[in-house]
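Listed below, chain by chain, are the residues.
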2 protein chains.
Amino acid sequence: MVDPAIVLYANEAFYLAFNTRDIDAMDRLWSRHTPSVCIHPGWRGLFDRDEIMISWRDIFDYNQAETVIVCHEPRVLFQGNIMSVVCYEELPQGWLIATNNFVVENEEIHIFHHQASACVNAQEISDVGKPTIQ
Amino acid sequence: MVDPAIVLYANEAFYLAFNTRDIDAMDRLWSRHTPSVCIHPGWRGLFDRDEIMISWRDIFDYNQAETVIVCHEPRVLFQGNIMSVVCYEELPQGWLIATNNFVVENEEIHIFHHQASACVNAQEISDVGKPTIQ
């Protein structure tokens, strides 16, 4: 079993890549071997790796105004041989809930699924930032 | 590898349980062995199986006005040893995009992850109802 700390680290690396608008780091994080999906809030699903990377590039270009995501209450779930992190994203525009799924490929952990969507009552969280392992 | 038709069948069974408000069928579908998560549109994440089933019961009670979901364009993705279906949900209130993840337990296929969220341009789909295997 993968150490949950490694899963949380990968999840943090995902948000660090977003917050620093580091497209190369985002590219290294995304899987090259597992069928992937990226669902930005309100968007249709993106399934093609190149299309997913273009979407991040477009978002980073659009976000020059320095939108930063603060990840709250990450929860690690071991599901089959994948690892899922469900967490809340605090943005200036509002709160989202995100699922980030990871898989180990060639001894490296990679994200292959991201879905972020509006969460109207996310602010009710009690343990801000406290990770949970399930 | 599980036949994609079986994954699509399980996905259809999920929407049939919803549309007929059959709480027993929904209960049979949900995993008992894999850490599960259910994210209804706008809701916080539900991680406890009993809490998930109560949420479906509440939604079914609330939906006596016969809200029906039409599932469009289901796409099956084999990710590690889990199977994911990403599809669009047409409801009277609007369109959603959903991820439904399945796992085989004791030779039966079960759902362990559901996240449905608003999709503003889902109506642009070209192949309504046509399944894709990835």
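Residues numbered from 1 in each chain as written. Chains lettered and ligands numbered in written order. Predicted model: local features only at pLDDT ≥ 70, side-chain atom pairs only at ≥ 80, totals over all residues. Heavy atoms only, no water.

Some details on the overall build of chain A
Then, number 1: Across its full length, chain A carries 3 helices and 6 strands.
Then, number 2: Reading the helices (α) and strands (β) of chain A from amino to carboxyl end gives α-α-β-α-β-β-β-β-β.
Then, number 3: Expected size for 134 residues packed as a compact globule is a radius of gyration near 14 Å; at 14 Å, chain A falls within 12% of this value.
Then, number 4: In terms of principal-axis extent, the alpha carbons of chain A reach across some 35 × 35 × 25 Å.
Then, number 5: Among the 134 residues that make up chain A, the fraction classed as buried is 57%.
Then, number 6: Contacts in chain A between residues far apart in sequence, at least 24 positions, make up 50% of those at least 6 positions apart.
Then, number 7: For chain A, the exposed surface amounts to about 6,300 Å²; the carbon and sulfur share of it is 51%.
Then, number 8: Averaging the coordinates of the 8 positive side-chain charges in chain A and doing the same for the 19 negative ones gives two points 2 Å apart. (Helix = DSSP H or I, 4+ residues; strand = E, 2+ residues; numbered from the N terminus. Rg over C-alpha atoms; globule rule 2.2 N^0.38 Å. Buried < 20%, exposed > 50% of the residue type's maximum accessible area, 1.4 Å probe, protein only. Contact = heavy atoms within 4.5 Å. Areas by Shrake-Rupley, 256 points an atom, 1.4 Å probe, with all protein chains shown as cover. Lys, Arg positive; Asp, Glu negative; His and termini not counted. Charge placed at Lys NZ, Arg CZ, Asp CG, Glu CD.)

Concerning the sheet that holds strand 6 (residues 132-133) of chain B
Residue and element names in this part refer to chain B.
Then, number 1: Taken together, 6 strands build an open sheet; the order of strands is 1-5-4-3-2-6 and the sheet is mixed. Each having just a single partner strand, strand 1 (37-39) and strand 6 make up the two edges of the open sheet.
Then, number 2: In this sheet, strand 6 lies alongside strand 2 (residues 70-79) in parallel orientation, the contact comprising 2 bridges. When the bridges of strand 6 are listed, V76 appears paired with I133. (Pairing = 2+ DSSP bridges.)

So, the interface of chain B and chain A
Then, number 1: Listed by partner, the interface residues are 35 residues for chain B and 35 residues for chain A.
Then, number 2: Taking both sides of the interface into account, the surface hidden between chain B and chain A amounts to around 2,800 Å²; carbon and sulfur atoms contribute 54%.
Then, number 3: Applying the counting rule to chain B against chain A returns 2 salt bridges.
Then, number 4: Joining chain B to chain A, the criterion identifies 11 residue pairs in polar contact (both at pLDDT 80 or more).
Then, number 5: Looking at the side of chain B that touches chain A, the elements with two or more residues in it are strand 1, strand 2, strand 3 (82-91), strand 4 (94-105) and strand 5 (108-118) of chain B. (Buried area = accessible area lost by both parts, 1.4 Å probe. Salt bridge = Lys/Arg side-chain N within 4 Å of Asp/Glu carboxyl O. Polar contact = N/O pair within 3.5 Å; in protein donor to acceptor, adjacent residues only side chain to side chain.)

Some points on the packing of aromatic side chains
Then, number 1: Evaluated as defined, the whole model comprises 10 aromatic pairs over all chains.
Then, number 2: Residues F14 of chain A and Y15 of chain A carry aromatic rings whose centres are separated by 4.9 Å and whose planes lie at 80 degrees to one another, so their mutual orientation is edge-to-face.
Then, number 3: For F14 of chain A, a relative accessible area of 1% corresponds to the buried category.
Then, number 4: An angle of 85 degrees between the planes, with centres 5.6 Å apart, marks the rings of F14 of chain B and W56 of chain B as edge-to-face. Of this pair, F14 of chain B sits in helix 1 (residues 4-19) while W56 of chain B sits in helix 3 (residues 49-62), and the two are 42 residues apart along the sequence. Here F14 of chain B and W56 of chain B have matching classes, each one buried.
Then, number 5: Here the aromatic residues F14, Y15, F18, W56 and F60 of chain A are joined through ring pairs into a cluster of three or more.
Then, number 6: Taking NZ or CZ as reference, R75 of chain A lies 3.9 Å from the ring centre of F47 of chain B, over its face. (Phe/Tyr/Trp six-rings, centres within 6.5 Å; stacked < 30°, edge-to-face > 60°. Lys NZ or Arg CZ within 6 Å of the ring centre and 35° of its normal.)

Describing the relation of the copies chain B and chain A
The second copy of the chain is related to the first by a rotation about an axis and a shift along the axis.
Then, number 1: Expressed as a screw operation, the relation of chain B to chain A combines 0.0 Å of axial shift with a rotation of 180 degrees, fitting to an RMSD of 0.0 Å. Both copies of the chain, as the preceding transformation shows, are related through a two-fold rotation axis. (Least-squares fit on C-alpha atoms with pLDDT ≥ 70 in both.)

Some points on the pattern of salt bridges
Then, number 1: Scanning all chains against the criterion turns up 6 salt bridges over all chains.
Then, number 2: Residue R44 of chain A is joined to E73 of chain B by a salt bridge in which the shortest nitrogen-to-oxygen separation is 3.8 Å. Of this pair, R44 of chain A sits in the loop between strand 1 (37-39) and helix 3 (49-62) while E73 of chain B sits in strand 2, which puts the two residues in different chains.
Then, number 3: Since its relative accessible area comes to 14%, E73 of chain B is described here as buried.
Then, number 4: Where D27 of chain B meets R32 of chain B, a salt bridge forms, and the shortest distance between an N and an O atom there is 2.8 Å.

Some details on the confidence of the model for chain A
Then, number 1: Overall, the prediction assigns chain A a mean pLDDT of 90, with 90% of residues at 70 or greater.
Then, number 2: As a predicted assembly, this complex carries a pTM of 0.90 together with an ipTM value of 0.88. (pLDDT = per-residue confidence, 0-100.)

Quick word on the environment of I6 of chain B
Residues and elements named next belong to chain B.
Then, number 1: With respect to the helices and strands, I6 occurs in helix 1.
Then, number 2: Residue I6 is classed as partly exposed on the basis of its relative accessible area, which comes to 42%.
Then, number 3: Sequence separation between I6 and E107 is 101 residues, and the spatial gap between their C-alpha atoms is 12 Å.

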